[in-house]
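The primary structure of each chain is shown beneath.
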Amino acid sequence: MKAVEEILKTLTLEEKASLCSGGSVWFTKEIKGKDIPEVMMTDGPHGLRKQLGTSDILGINASVEATCFPSAAAVCNSWDEELIYEIGQALGKECQAEEVSVLLGPGANIKRSPLCGRNFEYFSEDPFLSSNMAKSHINGVQSQGVGTSLKHFAVNNQETRRLTVDAVVEERALREIYLASFETAIKEAKPWTIMTAYNQVNGEHCSENHHLLKEILRDEWGYEGVVISDWGAANNQIEGMKETFDIRMPYGGEKFNEQIVQAVKNGELDEKILDDTVRRILKLVKKGIESHKEGSTYDQKAHHALALRAAAESAVLLKNDEEVLPLSEKEKIAVIGGFAKNIRFQGGGSSHINPTCLKNLLTAYEELKPDVQLTFARGFRLKKDIIDEDFVTEALECVKDADKVVLCLGLPYGWESEGYDREKMSLPDNQIDMIHRLAKSGKPVIALLFTGAPVEMPWIDEVDAIFAMYTAGQAVSEAIIKIIYGEINPCGKLAETYPVQMEDTPCSLNYPQKEKAVYEEGIFVGYRYYEKKKRDVLFTFGHGLSYTSWKYSNLKLDKESMEDTEDLTVMVDITNTGERCGKEIVQLYVSDNESEVSKPIKELKGFKKVSCLPGETKTVTFKLNKRSFAYYNTKINDWYVEDGIYEILIGASSADIRLSKQVAVKSTTPIKKVFTEKSVMCEIVEHPAAAKLLEQVMGGLAASDMTPEEAKAALNDEENNVDIGIDLQATSMDMPIGKMVEMSGGMFTDELLQEILKIVNS
Ligand code: BGC
């Protein structure tokens, strides 16, 4: 392909406009005579969904075989940036082999509610964790010369009415939670493309949102790649282009291109804007074409093995009473639940992958544990939530001679998908009934949970162990065998909180909404909410058990005080005190309990996964910077660190803090306050000279028949306790100072107001 500028010069207005839409469902527009080939952009994110025949965006029609890795919700529980990078590399290789230039993913939307139908495709409730995992995914894919499309930008947190709903979010929550989940990934991994979400944010659709696209993405974050729409998410394309939006996907007919031509002709759209868009698109196409490795292949077996390791390292052991796990091969096992046969390994919608290999749990048992004595029963119906007594009888018969029960629970296919949200947070009733019945059998029950998001567990005490498997990809069955028999020591931890019940969740009162979704909980999402509200939860953010045990010691900070422009190095020793090799996810939280603004109790600002042999100690090092201590200050429209003492907390989960140390941080950003007649009195009195002047006048106001001096003396006179009716000091402190002129009966003059403002502003 020729140089971009050279091609651009030769294009007619019509040709340029035609590049601003897809050429078809999955391709960019090709212009043969002008040396512009097409490149393929297809789903994504945790496997390749390349359709050969009829195309659709909902995962209905068949696609080529590809490795189905654990979805984002699962793999995020590994907290393993190297692992997700490796998965990214493998995805990139599969894209190369299938001649795909851009893989549509990853998705970095925040899990605002456990009910969002698409949570299985998203990483976390925490933006720091989410953005870093997305970054590694992108780096991995792009290391292979294949682009990504970080999606769905932004604030796409419900599927209900996703094409029209307006997410109303205040700026601080937008920056600290919803955009922060994209920010690191965008700035540090530079995805080739970014996909705008369907919804509106604060009244404007994402594809034409001035604040999101122009102000933040381009101007502040310096993003130079291509902004594409989610399939069907572009609305007023001309307005979008003015905000630097680039490609309308998929191809939706000539009328959209004609609109662009007309807009340029009638002066509504500056042709320079169109040229910039076309430049970005041509650069993308050129990059795609030039990084394509002709004749690429990939090793299916190696990718399956990677999918297996990823599934095992992402599984979270939620509870393990009396060390019922790991199992021994000598134990007789009853496997209950239809999921053992119809293994649930992915969610529904556009991310639906056609796996290269898929074994159910029973087959995996046969292959990997041929000597284990095994019985199986379906336990409950999967398609209809009705209690079928035949299924129940069969299950109870099946467990009779078993030593332990492996119970496969989960959300049936179709319960979690893009396009709609879950209606409730519980498992189907027939599964809960099965739990009760099995509990009565007295056999230890190991529950395997196949869900893409948390479920309520009123039955938790009736089972002995629980593994949250999530949607763990095509090798999930083999991974289960390895972890329940202890060949791989579980090392996943939850990337989201498991609330006790739906009503406890931060937005339960207004989720989902059909028109305006007002994000009333602000920055208090996930553990930020539960901790602040002191709500009990089922499992905390960052929780996950292991078959070994860990000691945390020797927390060191490289300084006790610092300016916010300096970095802080934090070191801590982790020792494996058990008898098995294992991996521990060490979490660093920062807490600032004295603040002018409302803040979460603590926030995740670092994490590392370490691997240790029994008895081994490793030192883990974290680097913190300004952002680790900052909140988004809407008065200065920037990240701001308050002066103060910050607590550095090192934990095995958000609730299991093992060590802490303090550091004093000083701000280097002076905030110049400008006082006006609208400034409230309590801010004015912070200035000593103004306070003095005011004190005199206040004294006078308190008792107007006294001189100011007499009045002041009377106010302070404890002995004689002069009654002036109300606590004037207290009532006036929240009043704008300008109001004093109006309300003081002439004692507080305009001249005095100006004098005071002069003093405080000087
Ligand atoms: C989804 C996107 C997906 C696109 C193309 C849309 O419905 O929201 O995530 O990449 O379809 O399949």
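Here the structure is a predicted model, which is why all the values come from computation and not from measurement.

1. Details of the domain arrangement of the protein chain
Then step 1. As assigned here, the protein chain comprises domain 1 (39-250 + 292-545), domain 2 (550-666) and domain 3 (681-761).
Then step 2. With 32 residues of domain 1 in contact, the opposing surface of domain 2 contributes 30 residues.
Then step 3. Between domain 1 and domain 2 the total buried area reaches about 2700 Å² when both faces are included, carbon and sulfur atoms providing 54% of it.
Then step 4. Viewed at the interface, domain 2 and domain 1 are joined by six salt bridges.
Then step 5. There are 18 residue pairs in polar contact (both at pLDDT 80 or more) connecting domain 1 and domain 2.
Then step 6. Within the residue set of the side of domain 1 that touches domain 2, elements represented by two or more residues are helix H5 (127-142), helix H6 (171-189) and helix H16 (527-532).

2. Some details on the pairing of strand E16 (residues 465-468)
Then step 1. Here E16 shows no split at all, with Ala 465 and Phe 467 on one side and Ile 466 and Ala 468 on the other all buried.
Then step 2. As paired elements, strand E10 (residues 316-320) and E16 share four bridges and run antiparallel to each other. Note that in E16 the partner of Asn 320 across the bridge is Ala 465.
Then step 3. The pairing of strand E15 (residues 445-450) with E16 spans four bridges and is parallel. Bridge pairing in E16 links Leu 448 to Phe 467.

3. Things to note about empty space enclosed by the protein
Then step 1. Scanning the entire structure with this criterion turns up six cavities of 30 Å³ or more.
Then step 2. One number sums up the size of the largest cavity: a volume of about 120 Å³.
Then step 3. Around the largest cavity sit 16 residues that line it, and Val 590, Asp 592, Lys 599, Glu 603 and Phe 629 are the ones nearest its centre.
Then step 4. Looking at the lining of the largest cavity, its residues break down into seven nonpolar, two polar and seven charged.

4. What to know about the environment of Ser 101
Then step 1. Residue placement: Ser 101 occurs in the loop between helix H4 (81-97) and strand E3 (102-104).
Then step 2. When the C-alpha atoms of Ser 101 and His 292 are compared, they prove to be 7.4 Å apart, with 191 residues separating the residues in sequence.
Then step 3. When near neighbours in sequence (up to four residues on either side) are disregarded, Ser 101 contacts Val 39, Met 40, Val 146, Gly 147, Trp 192 and Gly 288.

5. As for the site of the ligand
Then step 1. Around the ligand, the surrounding shell holds 15 residues, and the nearest of these are Asp 43, Arg 118, His 152, Asp 230 and Glu 418.
Then step 2. Within the contact set of the ligand, an oxygen atom lies 2.4 Å away from a side-chain nitrogen or oxygen of Asp 43.
Then step 3. A distance of 2.6 Å is found between an oxygen atom of the ligand and a side-chain nitrogen or oxygen belonging to Asp 230.
Then step 4. Look at the ligand: alone it shows 310 Å² of surface, and the protein chains cover 100% of it.
Then step 5. Of the residues belonging to the shell around the ligand, the class tally is six nonpolar, two polar and seven charged.

6. Section: unusual backbone geometry
Then step 1. The omega torsion across Asp 43 and Gly 44 is -10 degrees, close enough to zero to call that bond cis.
Then step 2. Following the sequence through the fold, Gly 44 ends up in the loop between strand E1 (41-43) and strand E2 (65-66).
Then step 3. Note the cis peptide between Gly 44 and Pro 45, where omega equals -15 degrees.
Then step 4. Here Pro 45 shows up in the loop between E1 and E2.

7. Considering the pattern of salt bridges
Then step 1. The tally for this structure, following the rule as stated, stands at 54 salt bridges.
Then step 2. The residue Arg 528 makes a salt bridge to Asp 126 at a minimum N-O spacing of 2.9 Å. Here Arg 528, found in helix H16, pairs with Asp 126, found in the loop between E3 and H5; they are 402 residues apart in sequence, far enough to count as distant. Assigned by exposure class, Arg 528 and Asp 126 land together as buried.

8. Some points on the sheet that holds strand E23 (residues 582-591)
Then step 1. Across the sheet, which stays open at both edges, the five strands sit in the order E21-E29-E28-E23-E24 with mixed pairing between neighbours. Strand pairing shows two members of the sheet lacking a second neighbour, strand E21 (561-563) and strand E24 (603-612), which therefore form its edges. Taking the axes of each pair of neighbouring strands and ignoring which way they run, one obtains an average angle of 30 degrees across the sheet.
Then step 2. When E23 meets E24, the two strands line up antiparallel, connected through nine bridges. Within E24, the position partnered with Lys 583 by the bridge is Ser 611.

9. Describing the nonpolar core
Then step 1. Of all hydrophobic cores here, the largest spans 183 residues; its most connected members are Phe 153 and Tyr 365.
Then step 2. Here this core spans two domains, since at least three of its residues come from each of domain 1 (39-250 + 292-545) and domain 2 (550-666).
Then step 3. Those residues in contact with Tyr 365 that lie beyond four places of it in its chain are Leu 327, Ile 333, Val 335, Pro 370, Val 372, Leu 374, Val 406, Ile 481, Ile 484 and Tyr 485.
Then step 4. Counting 28 residues, the second-largest nonpolar core is a separate cluster that includes Met 562, Cys 612, Ala 630 and Tyr 646.

10. Focus on the side chain of Ser 21
Then step 1. Residue placement: Ser 21 occurs in the loop between helix H2 (13-18) and E1.
Then step 2. Here Asn 257 takes part through its side chain, which lies 3.2 Å from a polar atom of the side chain of Ser 21.

11. With respect to the packing of aromatic side chains
Then step 1. A full pass over the atoms with the stated rule returns 17 aromatic pairs.
Then step 2. Seen in terms of ring centroids, Tyr 529 and Tyr 530 are 5.6 Å apart; in terms of plane orientation they differ by 80 degrees. Their pairing is edge-to-face. Summarising the burial analysis for this pair, Tyr 529 and Tyr 530 share the class buried.
Then step 3. The interplanar angle of 75 degrees and the centroid separation of 5.1 Å between the aromatic rings of Phe 629 and Tyr 646 together place this pair among those described as edge-to-face.

Definitions and cut-offs
Residues numbered from 1 in each chain as written. Predicted model: local features only at pLDDT ≥ 70, side-chain atom pairs only at ≥ 80, totals over all residues. Heavy atoms only, no water. Domains from an automatic or database assignment. Contact = heavy atoms within 4.5 Å. Buried area = accessible area lost by both parts, 1.4 Å probe. Salt bridge = Lys/Arg side-chain N within 4 Å of Asp/Glu carboxyl O. Polar contact = N/O pair within 3.5 Å; in protein donor to acceptor, adjacent residues only side chain to side chain. Helix = DSSP H or I, 4+ residues; strand = E, 2+ residues; numbered from the N terminus. Buried < 20%, exposed > 50% of the residue type's maximum accessible area, 1.4 Å probe, protein only. Pairing = 2+ DSSP bridges. 1 Å grid on protein atoms, 1.4 Å probe; cavity = no way out; pocket = protein on both sides within 12 Å on 5 of 7 lines; lining within 4 Å. Points joined across faces, edges and corners; volume = space filled by probe spheres on them. Nonpolar A, V, L, I, M, F, W, Y, C, P; charged D, E, K, R; others polar. Near = heavy atom within 4 Å. Areas by Shrake-Rupley, 256 points an atom, 1.4 Å probe, with all protein chains shown as cover. Axes fitted to C-alpha atoms, helices over the stretch in contact; angles between N-to-C directions. Core = buried A, V, L, I, M, F, W, Y, C linked by side-chain atoms within 4.5 Å. Phe/Tyr/Trp six-rings, centres within 6.5 Å; stacked < 30°, edge-to-face > 60°.

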